[in-house]
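Here are the chains, one letter per residue:
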Amino acid sequence: NIFGFAFNAPGDVVAGYQKYDRSNMNFNLAFSTLLAKVHSFKVGGELQSYTIRNYSLGNEGAFALAGLFANLAPGQTQEDVLINRGVNNYGYDVFGNEYTGDDPVDKAHQPLFAAFYIQDKMEFKDLIINAGLRFDYIDIDNMMPIDPTQPELTFDKSTGKVKDGGLVEVPTFSSVSPRLGFSFPVTDKTIFHAQYGKFVQQSRLRDVYQGYYATSSNIGGGFYIPAPVGFNVRPTRTTQYEIGFTQQIGEIASFDITGYYKDIQDQVLFDQINTQTTSAYGSYFVLQNGDFATTKGLELTFNLRRYQRFSANASLAYQDAKGTGSYPNSNRGIVGAPLDGVTVFSPQYISPLEYNNKFRGNVNVDYRFAADDGGPILQQLGLSALLTFASGHPYTRGIGGADLEGDARDRQPVESLNSSTTPSTFQIDLRVDKTFNITDKLNLNVYFYVINLLDALNIQNVFLRTGSTNDDGYLSDPTLGGQLIER
C-alpha cells in the first residue's frame, strides 16, 4: 500500500478458477404455400435446447484449499469445506467432476425454448395485409428458494448446504403474440404502411443461473452480494407500433419516413429482498423484473438505384429512449441505501437511458464500372464510401471519492440523471475493389479497404467528474489527489 494506492505484489494470483461446458441444438421447420392467388400462407416452428454446466471458485477460496484440507475439523470433509466456501457449481459436483444425476443442486441446466407461428400475407388490388400469431414456450429449467423472505427454509446458514425440500421449480412461461401490418397506395407513387406487434424475449441466462452453494454463501454474508442473480426472472415484453409512408421519386429513387413507439415491460433490475424480522438472514440483493422503458423515434431512408455508374443510400434516425434503468445493475449501490430517512430506497423515476443516441445516421455512396464498361482497366472497378455519425450518449456528472468511476455509492451527482451527453462521433470508411475474370466460372475480387479514412478521434466515454477524456479531476481536487501533491 503506497500513499493510499493498493498494488498486487509480484507472483500474486489474481485469477479465479473456472470451467464450463455449454452445448445447444436448434431445429427449425416451416411450410409455405399460395392459396387462391391471394393468400401467401406460412406455418412453422422452432426449438432450441441447451445443456449448461459451470464450475468456479474465487482465487481467495481456490488457492487456500490445500491448507484447509490439511486442517479439517473433526467430522469435517473436503466437500464440507468447498460448500462452506461457496463453490459455484451446476452440471459438476463440488469437486468439479461432471455430474449427470438428478440432484437439483448439482445437475446441469437444460433450458428449452419453443415457438410456433402462423402468418398470412393477403394481397388484394389496393391493399396488402400481413397478419400472424406466434406462440412462445420458455422453460429455463431452474430452481428457486421456497420463500425468498425466509432463506433459512432453503439454506443451512452454518454449513451452507441446501435443505431437502428447500427448492421449488421455477414456473414455465408461455405467451401468444399477435402481429398485424398493412399497406396501401395513396397515389401511384406513394404507399402508406403501418404495423403492430407484441414480442417476448428471455433475459440473459447468466442472470438466472448460479450455484446454490454460491447463493447460500452470498446471502449468508448479509447485506452485500457481489454478483446477485434472479432465479425466477421472467421474459421482457415489448409492444411496438409503427406507421409511415414510402414516396417514389422519379424512376430511380425512393424516400421512406417511419415513426415508431415501443413500450417495454419487465426489464431486469437490481433489487433488494427484505427478510422477515424473525429470520436469521439479513436483507440481500437479487435481480428481478421491474424496470420499464418507452422508446419513440423517427427513421428516414433514401435509396437511389444505380444510374450512370452511381448509386447511393442514406438513413437518419431520431430516437428518444427513457426508462427506470439502462441495464440490470443500474441500481447497484443505490437500492437499500438510506435516503432522507428512508432506510430502503428503490428508484422509480424515468430518465434518459445511457445507451440512447438521439441522432444516428449513415450515407453510403458507390461508383462502379460494369463488366463491359470503361475498357480493360476500368471495367468492374468500383469505389464505395460509408459515412457514419451519431450523437453522444447520456451520462451523469458527479463528484465524490477516489472510486468515482466505479461504485455508485462513492459519488454524488451534480445534475439530474443522464443530463449530460458525450461528444458526437463521425467516421468515413473507404473501399476500392476490382473484379478479374479468371475463367467463365471463376472471378477474383481484389480490394483495398481503409477504416476511419480521416483518422477521426471518436470519444466513446468520458470521466464523470470532469466530462473529459484526459483528466479525471482527481489531482485537481484539493480534498483528494491534491493532498498527495502536497506530500
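Structural data are supplied above this passage.
Note that this is a predicted model, so its numbers are computed, not measured. (Residues numbered from 1 in each chain as written. Predicted model: local features only at pLDDT ≥ 70, side-chain atom pairs only at ≥ 80, totals over all residues. Heavy atoms only, no water.)

A few words now on the pairing of strand β1 (residues 17–35). Strand direction decides the pairing type here: β1 and strand β2 (residues 39–57), joined by 19 bridges, are antiparallel. Directly across from Thr 33, in β2, lies its bridge partner Phe 41. Turn length for the β1-β2 hairpin, with the two strands adjacent in sequence and antiparallel, is 3 residues, and the turn residue Ala 36 shows positive phi of about 55 degrees. (Pairing = 2+ DSSP bridges. Helix = DSSP H or I, 4+ residues; strand = E, 2+ residues; numbered from the N terminus.)

Among the nonpolar cores identified, the biggest contains 40 residues, and Leu 82, Val 87, Val 162, Tyr 209, Tyr 212 and Tyr 213 are the most heavily contacted of them. Every element with two or more residues in this core is listed here: β2, α3 (78–84), β6 (143–145), α4 (212–220), β11 (253–273) and β12 (284–307). Per-element accounting of this core gives the leading share, 4 residues, to β12. Residue contacts for Tyr 213: discarding those within four places in its chain leaves Ile 83, Gly 86, Val 87, Asn 89, Val 94, Val 105, Asp 106, Gly 160, Lys 161 and Val 162. (Core = buried A, V, L, I, M, F, W, Y, C linked by side-chain atoms within 4.5 Å. Buried < 20%, exposed > 50% of the residue type's maximum accessible area, 1.4 Å probe, protein only. Contact = heavy atoms within 4.5 Å.)

This next bit is on empty space enclosed by the protein. Taken as a whole and judged by the stated rule, the model has 1 cavity of 30 Å³ or more. If you go around the largest cavity, the residues you meet are Ile 138, Asp 139, Ile 140, Pro 171, Thr 172, Phe 173, Gln 202, Val 233, Arg 234 and Pro 235. Each residue belonging to the lining of the largest cavity can be placed in one class, and the counts come to 6 nonpolar, 2 polar and 2 charged. (1 Å grid on protein atoms, 1.4 Å probe; cavity = no way out; pocket = protein on both sides within 12 Å on 5 of 7 lines; lining within 4 Å. Points joined across faces, edges and corners; volume = space filled by probe spheres on them. Nonpolar A, V, L, I, M, F, W, Y, C, P; charged D, E, K, R; others polar.)

With that settled, consider the environment of Ile 83. Mapped onto the elements of the fold, Ile 83 is located in helix α3. A relative accessible area of 2% places Ile 83 in the buried class. In this structure the C-alpha to C-alpha distance between Ile 83 and Tyr 212, which are 129 residues apart in sequence, comes to 9.4 Å.

Moving on, we get to the side chain of Asp 136. In this fold, Asp 136 is placed in strand β5 (residues 128–139). Among the polar contacts listed, one links the side chain of Asp 136 to the side chain of Arg 134, at a separation of 3.1 Å. Ignoring anything within four residues of it in the chain, the contact list for Asp 136 reads Ala 114, Ala 115, Phe 173, Ser 174, Ser 175, Ser 177 and Val 200. (Polar contact = N/O pair within 3.5 Å; in protein donor to acceptor, adjacent residues only side chain to side chain.)

What follows deals with a nonpolar patch on the surface. A grouping of Phe 116, Ile 118, Leu 133, Phe 135 and Val 176 is seen on the molecular surface, where their side chains present a nonpolar patch of about 440 Å² in accessible area. Those elements that provide at least two residues to the nonpolar patch are β4 (112–123) and β5. As for its placement among the helices and strands, Phe 116 is situated in strand β4. (Patch = residues over 30% accessible without salt bridge, like charges linked within 9 Å, V, L, I, M, F, W, Y side chains within 5 Å. Areas by Shrake-Rupley, 256 points an atom, 1.4 Å probe, with all protein chains shown as cover. Salt bridge = Lys/Arg side-chain N within 4 Å of Asp/Glu carboxyl O.)

Turning next to the pairing of strand β10 (residues 236–249). Pairing of strand β9 (residues 190–201) with β10 involves 12 bridges; the strand directions are antiparallel. Paired with Gln 201 across the bridge in β10 is Thr 236. Pairing of β10 with β11 involves 13 bridges; the strand directions are antiparallel. Looking at β11, one finds that Gly 244 is bridged to Thr 258. Here β10 folds back onto β11 in antiparallel fashion, the turn holding 3 residues, of which Gly 250 has a positive phi close to 65 degrees.

Attention now moves to unusual backbone geometry. If you check the backbone angles, Arg 309 has positive phi at about 75 degrees while not being a glycine. Of note, Arg 309 is situated in the loop between β12 and β13 (310–323). On the basis of relative accessibility, which here comes to 30%, the residue Arg 309 falls in the partly exposed class.

Topologically, Asp 126 is positioned in the loop between β4 and β5. For Asp 126 and Pro 185, which are 59 residues apart along the polypeptide, the C-alpha to C-alpha distance reads 6.5 Å. Among residues more than four places away in sequence, those in contact with Asp 126 are Ser 183, Phe 184 and Pro 185.

Turning next to the packing of aromatic side chains. This structure, assessed with the given rule, holds 13 aromatic pairs. Ring centres of Phe 182 and Phe 192 lie 6.4 Å apart, and the angle between their planes is 40 degrees; this geometry places the pair in the tilted category. Of this pair, Phe 182 sits in strand β8 (residues 173–187) while Phe 192 sits in strand β9, placing them 10 residues apart in sequence. Given the relative accessible area of 33%, Phe 182 is considered partly exposed. Residue class for Phe 192 comes out partly exposed when judged on its relative accessible area of 22%. Judged by centre distance (5.2 Å) and plane angle (40 degrees), the rings of Phe 184 and Phe 192 are tilted. (Phe/Tyr/Trp six-rings, centres within 6.5 Å; stacked < 30°, edge-to-face > 60°.)

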